[in-house]
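Report on the structure
Listed below are the residues making up each chain.
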Amino acid sequence: MTPATVSIGAQFINLLAAVLLLLSFAMLSQRRILSLIDLFAMQGAVLFVSTLVVAFTTGQVHLYYSATLTLVLKVLLLPWILHRLIRRLNVKWDVETLINIPTTMLVGIVLVIFAFNLALPISELAGTITRSTLGIALATVMLSFLMMITRRKAVPQVIGFLAMENGLFFAATSATYGMPMVVELGIALDVLVGMIILGVFFFQIREQFDSLDIRHLEQLREE
Amino acid sequence: MTAGAAWLPIDAAVALAACWLVLGAAGLFAPRNLAYVGRLLFPLGALVALLLAATGLAALHASPQVMVLALGLPDLPFHLRVDSLSALFLVLLGGAGAGISIYAAGYFRPGEGTAPGLQCLQYHLFLASMAFVMMADDAYFFMVSWETMALSSFFLVTSDHRIPEIRRAGYLYLLIAHIGAIGILLSFGVLQGGSGDYTFAGMRAQPHAGWWASAAFGLALFGFGAKAGLLPLHVWLPEAHPAAPSPVSAMMSGVMLKASIYGLLRVTFDLLQTQLWWWGVIVLALGLLTALFGVIFSAVQTDMKRLLAYSSIENIGLILVAYGLAVTFRGFGMAALAALALTAMLYHCLNHAAFKSLLFLCTGSVLHATRSRSLGRLGGLIHRMPWVAWLALVGVLASAGLPPGNGFVSEWLLLQGFLFTPGLPHGYVNMLVPVAAAAVAMTAALSGYVMVKFFGIVFLGRPREESLVQAHDAGTLERIGLTWLAALCLLLGLAPVAVIGELDRVTRPLVGHGLGEAARAGGWLLLAPIDAARASYSPLLVLAAIAAVFALAVMAVHRLYHRRVRRADPWDCGFPRQTARMQDTAEGFGQPIRQVFEPFFRMERELPSPFDATPRYRVTVADHLWHWLYLPIARAAEFGTRLVAFLQQGRIAVYLLYSFFTLLALLFFIR
């Protein structure tokens, strides 16, 4: 690997990281469920490409497997399941009323600054070429968390949860060239199983309350 | 050494406790089969108890033995040890357990609470865990057995769990048992002193600095006191004892309370190397309060099992008074007097186990015969149930502390101990402790009053209800159990010299002195614990004198007066329409006490108006401590949990916010 390739690779990864952050903000402000799923799939695709690039530049063979896993799971399988789910649940055209998108965006920016500030000492320690992206990875995690908090419907919340996993995955790749294969496989399987279980829950929730609005769950507390 | 000689008492004791476990498990094969459980398993359990008592006696004469059982967690085996203190309490457990088990064999009726087989399991688990508590030689095994004891007895207490009050009583019992267990656990934590060695042998070897020793003692007192019914922690006792089936009440009051006394002795005199005199004074004061409180409250009860439960509190108080005295003497280095107080205490443990089990079992028979626990509905039962009545009389005499009974011996020994307190080398203590002797004497007198009330209202007079005519006497198995316990009472009352000779083996390792020689010096007939010139007691002479006076009086009445029995109506005060309900009631009998000790009670009274056609009189006597101590704690706990409940908003977004902010804060502070 020549230094030039590494440098171009690093530049390219930085670019992809920026796209990832942008997509996170887009998800934060997206009202329509269908577009949200598309954004999620795009995030997965970016993750796939960035893992591929890291694998190519650094020659870490196991990252190719990770990349394939990401492609299969996050770009194809999960979006397909989600699409099927909203078709079956008949919420395809659901639009969510979000409270005050500008404020949410501002909070998001503050979070990004916090994440960068946080990542600074860590990325100085990390010896990887991708170290500068650690802040973005953390920011993605926090923005996804924020998205879960602001949503009222069940499906977007689950997408937020999945997006958070994307951020973690990105953080792992950028800080240490990925987690051990066993851990990665385990997490991938967890996400899949979690998705299926949550899908079952959706049907149960809708059957109970005739809606997927989780505000109905507020009744469940003890008086 | 032959194989037979290698069979030590500890092996036998462990094997017998394991037999109890097997018997309990056997109850599950046919849980509803009353004949199988009642006629086979429980009598076998009684046999095991008898053998355990014999084993305990053998162990009392042998040197301490240890054993390691490779059960439990890996690398953490159970250590067991039987020394003279364990042996004595094993004798107590076996002796009382034999009577109670054989009684329980005849006690079960179909359709009462839990299935008999299940009760058999819980009961034998309870017995075995108590045996293991007395044999445990490390904190881990002790706590496992201790908690098994608490849980199995909880299930026994709540065997009639369909009744809300019983569930409530069981809950209260479990709660206080667990709070106490925390105290014990912390005490062991202090005792191991940072060495990480939780065996009792390791704790004995630890030097304990003054304040740490005091902390260990205080925690042990709290923990074991909660189980024994020490004053502020006594509230579960009058609730749980009446709730439980009678054999279980007998077991809990007679034996389980002693298990906590055993634990207290083990920690203070065995695990701790030094005893400070002021510990003894604190326990003395608390024990005195407990005794007075118990006896005063038992005087105003109208439920016979509650009355006995409060009387148990009183007896535990007396035991703790003796214990406090022993610690005080020991703290001042007066070994002989410490041995005297300790002997009085151990003697009273044995006595209370015998007579309180007997009395509780008698209430069980009365309850089965009449279906009533309320004293106001009983009366005149001596004609219908002569066996129970006469055997109860033995227990009542013992409990009242009257001379031929066994209660007298221990109370007398205790007062003997008090007579030496002016010799204490501390100004205030030697002036104040004799005052305590007066309070002990008053407790003894009042307990006599209570027992007259109990026996008089239940068995004497005329039946207060029509239905009492159908009352039947106890069955054969129940009679055997009652007779066994009554015989124990008589034995303990009439052979004090022999008993003290055995207790000598217990006190010698604990305080380095014993009463055996001094007691034997006066011959087997005369008990003189310190010096025959100071005080002595000969139970057989007293018995002979009482019998002689009684016989003379009977003869004098029959010979000199009119030689025949006349039956006539009593004087009716000019009011001919008298009914059995006009006899003195339990409320009436307790009224003077209620009047005299009014500030002690929290009373609510409803008096009928003179013009009421169907007058009803109601009085409830409650405990100030419940309102002053427990309710504020309960309210504070409820308030605290309400504050916590604010966290539960029901909105997922809020819950997510909690984790989000936690995450941010952690990231911020721990980066």
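All values derive from a computational prediction rather than experimental measurement. (Residues numbered from 1 in each chain as written. Chains lettered and ligands numbered in written order. Predicted model: local features only at pLDDT ≥ 70, side-chain atom pairs only at ≥ 80, totals over all residues. Heavy atoms only, no water.)

**A look at the overall build of chain B**
This is how the line gets drawn: Counting from the N terminus, the helices are DSSP H or I runs at least four residues long and the strands are E runs at least two residues long. Classification of residues uses two cut-offs on accessible area relative to the type maximum, computed with a 1.4 Å probe and protein chains only: under 20% is buried, over 50% is exposed, and between them is partly exposed. By the convention used here, residues are in contact when the closest approach between their heavy atoms is within 4.5 Å. Just so you know, the count uses Lys and Arg for positive and Asp and Glu for negative, and it drops His and the chain ends. Where a charge sits is defined by one atom per residue type, namely NZ (Lys), CZ (Arg), CG (Asp) or CD (Glu).
Looking only at helices and strands, chain B has 24 helices and four strands in total. Taking all 671 residues of chain B together, 54% fall into the buried category. Across chain B, contacts joining residues at least 24 apart in sequence account for 78% of those joining residues at least 6 apart. Seen as two clouds, the 43 positive and the 33 negative side-chain charges of chain B have centres 6 Å apart.

**Describing the packing of aromatic side chains**
Threshold: Stacked, tilted and edge-to-face are the three classes applied to pairs of Phe, Tyr and Trp rings, where Trp contributes its six-membered ring and a pair requires centres within 6.5 Å; stacked means planes under 30 degrees apart, edge-to-face means over 60, and tilted covers the rest. Criterion for a charge above a ring: Arg CZ or Lys NZ at most 6 Å from the ring centre, at most 35 degrees from the ring normal.
Per the counting criterion, the structure on display carries 33 aromatic pairs over all chains. With 5.3 Å between their ring centres and 90 degrees between their planes, Trp-146 of chain B and Phe-224 of chain B make a pair best called edge-to-face. Taken together, the residues Trp-146 of chain B in helix 5 (residues 139-157) and Phe-224 of chain B in helix 8 (residues 210-228) connect sequence positions 78 residues apart. For Trp-146 of chain B, a relative accessible area of 1% corresponds to the buried category. With relative accessibility at 2%, the residue Phe-224 of chain B sits in the buried group. Linked through ring pairs, Phe-142, Trp-146, Phe-188, Phe-200 and Phe-224 of chain B together constitute an aromatic cluster. Here the guanidinium or amino end of Lys-74 of chain A rests over the ring plane of Phe-169 of chain A, the centre of that ring lying 4.5 Å away. Of note, Lys-227 of chain B hangs over the ring of Trp-146 of chain B, and the distance from its end group to the ring centre comes to 5.7 Å.

**Digging into the interface of chain A and chain B**
Stated precisely, the cut-off is as follows: Buried area counts how much accessible surface, traced with a 1.4 Å probe, disappears from two parts once they are put together, with both parts' losses summed. Salt bridges are counted wherever a side-chain nitrogen of Lys or Arg sits within 4 Å of a carboxyl oxygen of Asp or Glu. Amino acids are sorted into nonpolar (Ala, Val, Leu, Ile, Met, Phe, Trp, Tyr, Cys and Pro), charged (Asp, Glu, Lys and Arg) and polar (every other residue, Gly among them).
If you look at the interface, chain A gives 14 residues, while chain B gives 15 residues. For the chain A and chain B pair, buried surface summed over both sides reaches about 1,500 Å², with 73% attributable to carbon and sulfur atoms. Here chain A and chain B share zero salt bridges between them. Mapped onto the side of chain A that touches chain B, the elements with two or more residues apiece are helix 4 (101-125) and helix 5 (134-150) of chain A. Residue composition of the side of chain A that touches chain B, by class: nine nonpolar, two polar and three charged.

**Details of the confidence of the model for chain B**
What counts, and what does not: The predictor attaches a confidence to each residue, and that confidence, scored 0 to 100, is pLDDT.
For chain B, per-residue confidence averages 87 on the pLDDT scale, and residues scoring 70 or more make up 97% of the total. Confidence, read as mean pLDDT per element, is least for helix 20 (residues 516-521) of chain B in chain B (75) and greatest for helix 5 of chain B (94).

**Structural notes on the packing of helix 4 (residues 116-135) of chain B against helix 5 of chain B**
Residues and elements named next belong to chain B. The cut-off we apply is this: Axis lines are fitted to C-alpha atoms, over the contacting stretch for helices. Their N-to-C directions set the angle, which ranges from 0 to 180 degrees. Throughout this description, any angle smaller than 35 degrees is read as roughly parallel, any larger than 145 degrees as roughly antiparallel, any in the 65 to 115 degree range as roughly perpendicular, and the remainder as oblique. Left-handed describes a crossing whose near helix is turned anticlockwise from the far helix through less than a right angle; right-handed describes the clockwise counterpart.
Across the interface, helix 4 lies against helix 5 with an axial gap of 8 Å and an inter-helix angle of 150 degrees. By the angle class used here, helix 4 and helix 5 are roughly antiparallel. Where helix 4 crosses over helix 5, the handedness of that crossing is left-handed. Each of Gln-119, Gln-122, Tyr-123, Leu-125, Phe-126, Ser-129, Met-130, Phe-132 and Val-133 in helix 4 lies in contact with helix 5, whose residues at this interface are Phe-141, Phe-142, Ser-145, Trp-146, Thr-148, Met-149, Ser-152, Ser-153, Phe-155 and Leu-156. When grouped by side-chain class, the residues that make up the contact of helix 4 with helix 5 number twelve nonpolar, seven polar and no charged.

**Describing the environment of Gln-416 of chain B**
All names here are of chain B. Turning to its location among the elements, Gln-416 is positioned in helix 16 (residues 406-419). Look at Gln-416 and you get buried, because its relative accessible area is 8%. A C-alpha to C-alpha distance of 15 Å links Gln-416 and Gly-401, two positions 15 residues apart in sequence.

**Re helix 17 (residues 427-459) of chain B**
Note the following rule: Multiply 1.5 Å by the residue count of a helix minus one, and that product is the helix's expected span.
Its 33 residues give helix 17 of chain B an end-to-end C-alpha distance of 49 Å, which sits within 8% of 48 Å, the value for a rise of 1.5 Å per residue. Once helix 17 of chain B finishes, Gly-461 of chain B follows within two positions and takes phi at roughly 75 degrees, a positive value.

**Quick word on the packing of helix 13 (residues 335-370) of chain B against helix 17 of chain B**
All names here are of chain B. It is the contact of helix 13 with helix 17, at a shortest axis distance of 13 Å, that shows an interaxial angle of 20 degrees. Between helix 13 and helix 17, the angle falls in the class roughly parallel. Note that helix 13 runs across helix 17; the crossing there is left-handed. On the side of helix 13, the interface is formed by Leu-359, Thr-363 and Val-366, while helix 17 contributes Met-451, Phe-454, Val-458 and Phe-459. Split by residue class, the contact of helix 13 with helix 17 holds six nonpolar, one polar and no charged.

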